[in-house]
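# Coordinate inspection notes
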Amino acid sequence: MFSFFLAAMLLGFVFNAAPGAVFSETLRRGLRDGYKPALLVQIGSLVGDATWAALGLTGLALLLDSAQIRYPLTLASALYLAWLGYQSLRDAHRPPQPSDDGQVAAGSAFAAGATLSLTNPQNIVYWAAMGGAMAAIGVAQPTPTHLAVFFAGFMVSSLLWCFICAGLVDWFRRAASLLWHRLTYAACGVVLLGLAGMSAMELV
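Think of each chain on its own: its residues are numbered from 1, step by step along the sequence as written. With the structure being a predicted model, the display of local features is reserved for residues of pLDDT at least 70 and the display and counting of side-chain atom pairs for 80 or more, all residues being used for whole-chain, interface and lining totals. Think of the side-chain values as coming from all heavy atoms in the structure, minus any hydrogens and water.

- Going by the annotation in an unreviewed UniProt entry, the name recorded for the chain is LysE family translocator, with Ectopseudomonas toyotomiensis given as the source organism.
- As recorded by UniProt, the Subcellular location (unreviewed entry) comment attached to the chain reads in full: "Cell membrane". UniProt positions are given in the numbering used here, feature names are shortened, and annotations may be inferred rather than shown by experiment.

Following this line, the structure appears as structure tokens:
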């Protein structure tokens, strides 16, 4: 069972470390306001990760993989990603000053992470396929204990990644020049707008 827990942790690290919308928004917030907002974007994304993981591990993700669920999620995701992409490109043109109200910035960062994770329709596909991943690591018919251990391993690695990612972003913020900040904002904007376009294409 311990090896199963470690396998779940490894899958969790792979899932969270993959570049995407949450990472781009973590960079954007972290470059502006430092470690805490970057950390809160990551922790906010755990709300969605935990929700989709629970649904997927109980088999409900398959029930949610329908047009009535996927279309509204995809539309919300595309619109929100486009808005964040626009903000990143705006920040590249005119780098923002640190927020005056740290509490508001923290709340906004947490909400952004949660929204990005909860509205990502790809999470349905990922967790619907998780049964195959379990079979690949030797558990063809998982019991409730297996599911609990897998969920725990996934969430532990996800939480650890929050602190690792936020620390790396804060280090980059302190070490990089203003030019690199602007280039990073621009790259985040392009990635977010690209993801928005990809989400919109799924509606066609």
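### Some remarks on the packing of helix α1 (residues 2–17) against helix α9 (residues 144–175)
- Viewed as axis vectors pointing N to C, α1 and α9 meet at an angle of 45°, and their least axial separation amounts to 7 Å. Our classification of the angle between α1 and α9 gives oblique. α1 and α9 meet at a crossing whose hand is right-handed. Here F4, F5, A8, M9, L11, G12, F13, F15, N16 and A17 of α1 come into contact with α9, specifically with H146, V149, F150, A152, G153, F154, V156, S157, S158, L160, W161 and I164.
- Residue composition of the contact of α1 with α9, by class: 16 nonpolar, six polar and no charged. A fitted line through C-alpha atoms serves as each axis, taken over the contacting stretch for helices, and the angle formed by two N-to-C directions is quoted from 0 to 180°. Under the scheme used here, helices are H or I runs from DSSP no shorter than 4 residues and strands are E runs no shorter than 2 residues, and both carry numbers assigned from the N terminus. Any angle between 65 and 115 degrees counts as roughly perpendicular, while under 35 counts as roughly parallel, over 145 as roughly antiparallel, and the rest as oblique. Note on convention: near helix rotated counterclockwise from far helix by under a right angle means a left-handed crossing. Clockwise means right-handed. Any two residues whose heavy atoms approach within 4.5 Å at even a single point are treated as in contact. Residues were grouped as follows: Ala, Val, Leu, Ile, Met, Phe, Trp, Tyr, Cys and Pro as nonpolar; Asp, Glu, Lys and Arg as charged; and all remaining residues, including Gly, as polar.

### Details of the side chain of S45
- Tracing the chain through its elements places S45 in helix α3 (residues 35–57).
- Under the rule applied, a polar contact is a pair of N or O atoms within 3.5 Å (in protein, one hydrogen donor and one hydrogen acceptor; residues adjacent in sequence only if both atoms are side-chain atoms). A distance of 2.5 Å separates a polar atom in the side chain of S45 from the backbone oxygen of Q42.
- Those residues within four positions of S45 in sequence are excluded, and the remaining contacts are V22, G113, A114 and S117.

### Thoughts on the environment of L116
- Residue position: L116 is located in helix α6 (residues 102–118).
- Relative accessibility thresholds used throughout: buried, under 20% of the residue-type maximum; exposed, over 50%; partly exposed, between the two (1.4 Å probe, protein chains only). The buried category is assigned to L116, whose relative accessible area is 6%.
- Between the C-alpha atoms of L116 and V22, which are 94 residues apart in sequence, the distance is 6.5 Å.

### A few points about the packing of helix α2 (residues 21–33) against helix α10 (residues 178–201)
- Interaxial distance between α2 and α10 falls to 9 Å at its minimum, and their mutual angle equals 150°. Judged by the angle between their axes, α2 and α10 are roughly antiparallel. By crossing handedness, the relation of α2 to α10 is classed as left-handed. When α2 is examined against α10, the residues A21, S24, E25, L27, R28, L31 and R32 are found in contact with a partner set consisting of H181, T184, Y185, C188, V191, L192 and L195.
- A per-class count over the contact of α2 with α10 returns eight nonpolar, three polar and three charged.

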